[in-house]
There are 2 protein chains.
Amino acid sequence: MADLDATDWKILAVLQEDARVGYRELARRIGMSPAATGARVRRLERRGVITGYSARVDPTRAGYPITAYVVVNTSGRRQSLRVSDLSIRTPTVLEDHRVTGTDDHVLRVIVASLPDLEPLIDELNELGKPATTLVLSSPKSWAPVPKPAHVANS
Amino acid sequence: MADLDATDWKILAVLQEDARVGYRELARRIGMSPAATGARVRRLERRGVITGYSARVDPTRAGYPITAYVVVNTSGRRQSLRVSDLSIRTPTVLEDHRVTGTDDHVLRVIVASLPDLEPLIDELNELGKPATTLVLSSPKSWAPVPKPAHVANS
DNA sequence: TCTGAAAGGTGATAACC
DNA sequence: GGTTATCACCTTTCAGA
């Protein structure tokens, strides 16, 4: 919610693809001076548009060949909050979203093997009705947040 | 699948939290020399454990306040492949996973407003039965791939 | 808000353990 | 694989527009 201009989106495009580029190179790619570029980046960080920088890790190559989505159907606010707590406490739960519909939580989980899912399912079973879906492959596993069409191209 | 040691996991922990740290600082945090640290990082990249570096962008602050999961129930390989193609072609579809169960695709989509979802749903309707779930909030929106328990702590 | 130049910090490499 | 030393280059800052 930030009124980003075309230059901001160029910076976001580059930094989402390669967060380790130097300011000199980043500045060259967006057609501005390094100093002004640095100031823009700091502004994007301060406004909370950029929340951090991460190495993208391939879970499979890091020893977690299995990704699963676990949806949970809880009955009431109390259990829902406990699902959130459990998600936050469990390192292999990489995401937890509260959603509309019959199920109220969607968890993305990575594990080294299927048996490793059991303890989590057992815990979730005490808070609601969990249902597990395994990821077979990911035609698109990641993409940058794109520039909206209504922002000029400059 | 790479047989990562405790030092590799320290590097992954730091780079997943802050991909822009310099080698000097990274080396200091893991207790090794900058040169050896750089060599480790390059090895992790070459082996495909680290697939890249990204700025983490908050979709809401970037103008996409709505995140949705769209599951698609297609009938057959042909349509499934066309869903993959559509996902890859559509910038606001950030992820597409083929999954087990009744539905065979799970898409994560961001949009500026609900009407912006319509064109995608329309296209998916020609390939299968889409069902949309909206994200209300994300108790855990991101987490690093964690060091497995069986790797020594060093 | 951007540019340009000075000063201190950083990344890649080589020689050696 | 690891370290230390080196040098060229890059990031940051600040004055000026």
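Residues numbered from 1 in each chain as written. Chains lettered and ligands numbered in written order. Predicted model: local features only at pLDDT ≥ 70, side-chain atom pairs only at ≥ 80, totals over all residues. Heavy atoms only, no water.

**Student:** I would appreciate a short explanation of the overall build of chain A in the present structure.
**Tutor:** Of regular secondary structure, chain A possesses five helices and five strands. Taken against the 2.2 N^0.38 rule, which gives 15 Å for 154 residues, the C-alpha radius of gyration of chain A at 20 Å runs more than 25% over that of a compact globule. Projected onto its principal axes, the C-alpha coordinates of chain A cover approximately 55 × 35 × 25 Å. Counting across all 154 residues of chain A, residues that qualify as buried make up 48%. Surface summary for chain A: the accessible area is close to 7600 Å², and the carbon and sulfur share equals 51%. (Helix = DSSP H or I, 4+ residues; strand = E, 2+ residues; numbered from the N terminus. Rg over C-alpha atoms; globule rule 2.2 N^0.38 Å. Buried < 20%, exposed > 50% of the residue type's maximum accessible area, 1.4 Å probe, protein only. Areas by Shrake-Rupley, 256 points an atom, 1.4 Å probe, with all protein chains shown as cover.)

**Student:** Whenever I open this one, the pairing of strand β1 (residues 50–57) of chain B confuses me. Can you help?
**Tutor:** Put simply, side chains in a regular strand alternate between the two faces of the sheet. Burial analysis of β1 of chain B places seven of its eight residues in the buried class, the great majority of the element. Relative to β1 of chain B, strand β1 (residues 50–57) of chain A is paired through seven bridges, and the arrangement is antiparallel. Its bridge partner lying in β1 of chain B, Gly52 of chain A is registered against Arg56 of chain B. (Pairing = 2+ DSSP bridges.)

**Student:** What exactly am I supposed to notice about the nonpolar core here?
**Tutor:** Grouped burial of nonpolar side chains is what soluble globular proteins tend to show. Leu15 of chain A together with Leu15 of chain B are the most contacted members of the largest nonpolar core, which totals 52 residues. The set of elements that each furnish at least two residues to this core consists of α1 (6–17), α2 (23–30), α3 (34–46) and β1 of chain A together with α1 (6–17), α2 (23–30), α3 (34–46) and β1 of chain B. When residues no more than four places from it in sequence are discounted, the contact partners of Leu15 of chain A are Val21, Leu26, Val41, Ile50 and Tyr53 of chain A together with Arg20, Tyr53, Ser54 and Ala55 of chain B. (Core = buried A, V, L, I, M, F, W, Y, C linked by side-chain atoms within 4.5 Å. Contact = heavy atoms within 4.5 Å.)

**Student:** Got a minute to help me understand α1 of chain B in this structure?
**Tutor:** The α-helix advances 3.6 residues per turn, and as a result positions three or four apart in sequence lie on the same side. When the terminal C-alpha atoms of α1 of chain B are compared, their 17 Å separation across twelve residues agrees well with the 16 Å that a helix rising 1.5 Å per residue should span. Among the twelve residues of α1 of chain B, nine are classified as buried, and the element is accordingly described as predominantly covered. For α1 of chain B, the full list of buried residues reads Ala6, Thr7, Asp8, Trp9, Ile11, Leu12, Val14, Leu15 and Gln16 of chain B. On its buried face, α1 of chain B is in contact with β1 of chain A together with α2, α3 and β1 of chain B. Two or three places before Thr7 of chain B, at the start of α1 of chain B, stands the capping residue Asp5 of chain B, its side-chain oxygen 3.0 Å from that residue's backbone nitrogen. (Expected span 1.5 Å × (residues − 1). Polar contact = N/O pair within 3.5 Å; in protein donor to acceptor, adjacent residues only side chain to side chain.)

**Student:** Would you explain the protein's contact with DNA strand D in this entry?
**Tutor:** Near DNA strand D, the surroundings consist of Gly22, Tyr23, Arg24 and Ala35 of chain A together with Met32, Ser33, Ala35, Ala36, Arg40 and Arg43 of chain B. Expressed as a percentage, the sugar and phosphate content of the atoms of DNA strand D within 4 Å of the protein is 83%. Here a phosphate oxygen of DNA strand D sits 2.7 Å away from a polar atom, N or O, in the main chain of Tyr23 of chain A. Take Arg40 of chain B: an N or O atom from its side chain is 2.5 Å from a phosphate oxygen of DNA strand D. Looking at the surface near DNA strand D, the elements with two or more residues in it are α2 of chain A together with α3 of chain B. Residues belonging to the surface near DNA strand D are distributed by class as follows: five nonpolar, two polar and three charged. (Near = heavy atom within 4 Å. Nonpolar A, V, L, I, M, F, W, Y, C, P; charged D, E, K, R; others polar.)

**Student:** Would you mind showing me how to read the side chain of Ser80 of chain B here?
**Tutor:** All names here are of chain B. Here Ser80 shows up in helix α4 (residues 77–89). Within polar-contact distance, the side chain of Ser80 engages the side chain of His105 at 2.8 Å. With near-sequence residues (within four places) excluded, Ser80 lies in contact with Thr74, Arg98 and His105.

**Student:** Looking at this structure, how should I read the packing of α1 of chain B against α2 of chain B?
**Tutor:** The relative placement of two packed helices comes down to the angle between their axes together with the axis-to-axis distance. Residue and element names in this part refer to chain B. Orientation of α1 relative to α2, taken along the N-to-C sense of each, is 130 degrees, at an axis distance of 10 Å. It follows from the interaxial angle that α1 and α2 lie oblique. Relative to α2, the crossing made by α1 is right-handed. Of the residues in α2, those touching α1 at Thr7, Lys10, Ile11, Val14 and Leu15 are Leu26, Arg29 and Ile30. (Axes fitted to C-alpha atoms, helices over the stretch in contact; angles between N-to-C directions. Parallel < 35°, antiparallel > 145°, perpendicular 65-115°, else oblique. Left-handed = near helix turned anticlockwise from the far one by under 90°.)

**Student:** Could you clarify how one ought to interpret a negative patch on the surface in this entry?
**Tutor:** A grouping of Glu118, Asp122, Glu123 and Glu126 of chain A is seen on the molecular surface, where their side chains present a negatively charged patch. Its place among the elements puts Glu118 of chain A in helix α5 (residues 118–125). (Patch = residues over 30% accessible without salt bridge, like charges linked within 9 Å, V, L, I, M, F, W, Y side chains within 5 Å. Salt bridge = Lys/Arg side-chain N within 4 Å of Asp/Glu carboxyl O. Lys, Arg positive; Asp, Glu negative; His and termini not counted. Charge placed at Lys NZ, Arg CZ, Asp CG, Glu CD.)

**Student:** Please clarify how the interface of chain A and chain B should be interpreted in this entry.
**Tutor:** By a widely used convention, the size of an interface equals the accessible area lost when the partners come together. Contacts between the two partners involve 64 residues from chain A and, on the opposite side, 64 residues from chain B. Overall, the association of chain A and chain B removes approximately 5700 Å² of surface from exposure, summing both partners, and the carbon and sulfur fraction of that is 56%. Here chain A is connected to chain B by zero salt bridges. Between the two partners, chain A and chain B, sit 47 residue pairs in polar contact (both at pLDDT 80 or more). Among the secondary structure elements, those contributing two or more residues to the side of chain A that touches chain B are α1, β1, α4 (77–89), β3 (93–99), β4 (105–111) and β5 (128–140) of chain A. In terms of residue class, the side of chain A that touches chain B is made up of 34 nonpolar, 18 polar and twelve charged. Relative to strand β3 (residues 93–99) of chain B, β5 of chain A runs antiparallel, the two sharing three bridges. Bridging across to β3 of chain B, Lys140 of chain A finds its partner in Asp96 of chain B. (Buried area = accessible area lost by both parts, 1.4 Å probe.)

Keep in mind these numbers describe shape, not what the thing actually does.
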